[in-house]
Amino acid sequence: MSEIPPPESLNGILTSLRERVMGVSESVLSTVDGLLVVADSDTVHPESVAALAAATLGVSRRMADTTGVGALREVVARCGSGHVIVVAVGDRALLTVKGDDGLDLAAFQRESPATVEQLNKVLASDVAH
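Residues numbered from 1 in each chain as written. Predicted model: local features only at pLDDT ≥ 70, side-chain atom pairs only at ≥ 80, totals over all residues. Heavy atoms only, no water.

For the protein, the name recorded in an unreviewed UniProt entry is Dynein regulation protein LC7, with Streptomyces acidicola as its organism.

Trainee: Describe the overall build of the protein, naming the residues involved and giving the relevant values.
Mentor: A count of helices and strands for the protein gives 3 helices and 5 strands. Taken against the 2.2 N^0.38 rule, which gives 14 Å for 129 residues, the C-alpha radius of gyration of the protein at 14 Å falls within 12% of a compact globule. For the protein, the C-alpha atoms occupy an extent of roughly 50 × 40 × 25 Å along the three principal directions. Among the 129 residues that make up the protein, the fraction classed as buried is 39%. Contacts in the protein between residues far apart in sequence, at least 24 positions, make up 49% of those at least 6 positions apart. Carbon and sulfur atoms form 55% of the exposed surface of the protein, whose accessible area is close to 7400 Å². If the 10 positive side-chain charges of the protein are averaged to one point and the 17 negative ones to another, these points end up 7 Å apart. (Helix = DSSP H or I, 4+ residues; strand = E, 2+ residues; numbered from the N terminus. Rg over C-alpha atoms; globule rule 2.2 N^0.38 Å. Buried < 20%, exposed > 50% of the residue type's maximum accessible area, 1.4 Å probe, protein only. Contact = heavy atoms within 4.5 Å. Areas by Shrake-Rupley, 256 points an atom, 1.4 Å probe, with all protein chains shown as cover. Lys, Arg positive; Asp, Glu negative; His and termini not counted. Charge placed at Lys NZ, Arg CZ, Asp CG, Glu CD.)

Trainee: An account of the pattern of salt bridges is requested, with residue identities and associated values reported.
Mentor: Counted according to the given criterion, the structure contains 4 salt bridges. Its salt-bridge partner being Lys98, residue Glu26 comes within 3.3 Å of it at the nearest N-O pair. Of this pair, Glu26 sits in strand S1 (residues 24-31) while Lys98 is found in strand S5 (residues 93-100), placing the two residues 72 residues apart along the sequence. By relative accessible area, which is 5% here, Glu26 ends up buried. Note that Glu117 is salt-bridged to Lys121, the shortest N-O span being 3.6 Å. (Salt bridge = Lys/Arg side-chain N within 4 Å of Asp/Glu carboxyl O.)

Trainee: Help me get a handle on the environment of Arg92, residues and values and all.
Mentor: Looking at the secondary structure, you find Arg92 in the loop between strand S4 (82-89) and S5. Given the relative accessible area of 44%, Arg92 is considered partly exposed. For the pair formed by Arg92 and Glu74, sequence separation is 18 residues and the distance between their alpha carbons is 15 Å. At 3.4 Å, the side chain of Arg92 and the backbone oxygen of Leu123 are in polar contact. (Polar contact = N/O pair within 3.5 Å; in protein donor to acceptor, adjacent residues only side chain to side chain.)

Trainee: Requested: an account of the nonpolar core, with residues and values cited.
Mentor: Judged by nonpolar contacts, the single largest core of 22 residues is most densely connected at Leu10, Val21, Leu29, Val89, Leu95, Phe108 and Leu119. Of all the elements in the fold, those that place two or more residues in this core are helix H1 (10-20), S1, S4, S5 and helix H3 (105-128). Among the elements that line this core, the one with the most residues is H3, at 7 residues. With sequence-adjacent residues up to four places away left out, Val89 is seen in contact with Leu29, Leu94, Leu95, Val116, Leu119, Asn120 and Leu123. In this structure, Ala54, Leu57, Val75 and Ala88 belong to the second largest nonpolar core, which totals 7 residues. (Core = buried A, V, L, I, M, F, W, Y, C linked by side-chain atoms within 4.5 Å.)

Trainee: Before we move on, can you summarise the sheet that holds S1 with the specific residues and values?
Mentor: On the basis of which strands lie adjacent, the open sheet formed by 5 strands has the order S2-S1-S5-S4-S3 and antiparallel pairing. Of all strands in the sheet, those bounded by a partner on one side alone are strand S2 (36-40) and strand S3 (74-79). Geometrically, the sheet is characterised by an average inter-axis angle of 15° between neighbouring strands, direction not taken into account. Across the sheet, H1 is in contact with S1, S2 and S5; its angle to S2 comes to roughly 40°. (Pairing = 2+ DSSP bridges. Axes fitted to C-alpha atoms, helices over the stretch in contact; angles between N-to-C directions.)

Below you can see the structure in the form of structure tokens.
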């Protein structure tokens, strides 16, 4: 049996999200410039996801600015057999989540703000030390 990392660790936060939201299968935390920080993944190539998330965020922020609909919160791609969601984690990081076709989007939207807050705290404490 594998040990679950504590929730105050980055791995623990990603694992907790997967356990709390039905359909979340993998997640990647990266910098806004596309560098991998940590991943809870089995099938995706986390470095590629990190780079693509940065590009996705850049284009999506530009779209939000151009259309005047306010600050970008998240990007949701509904695909043939699942979802990919990119969420800004402050100004320095991105959370990319892969969900299967049964992803509970309402639960994800309910749980993601707390997850983002936890990630921000851990990342901020890492910079402070």
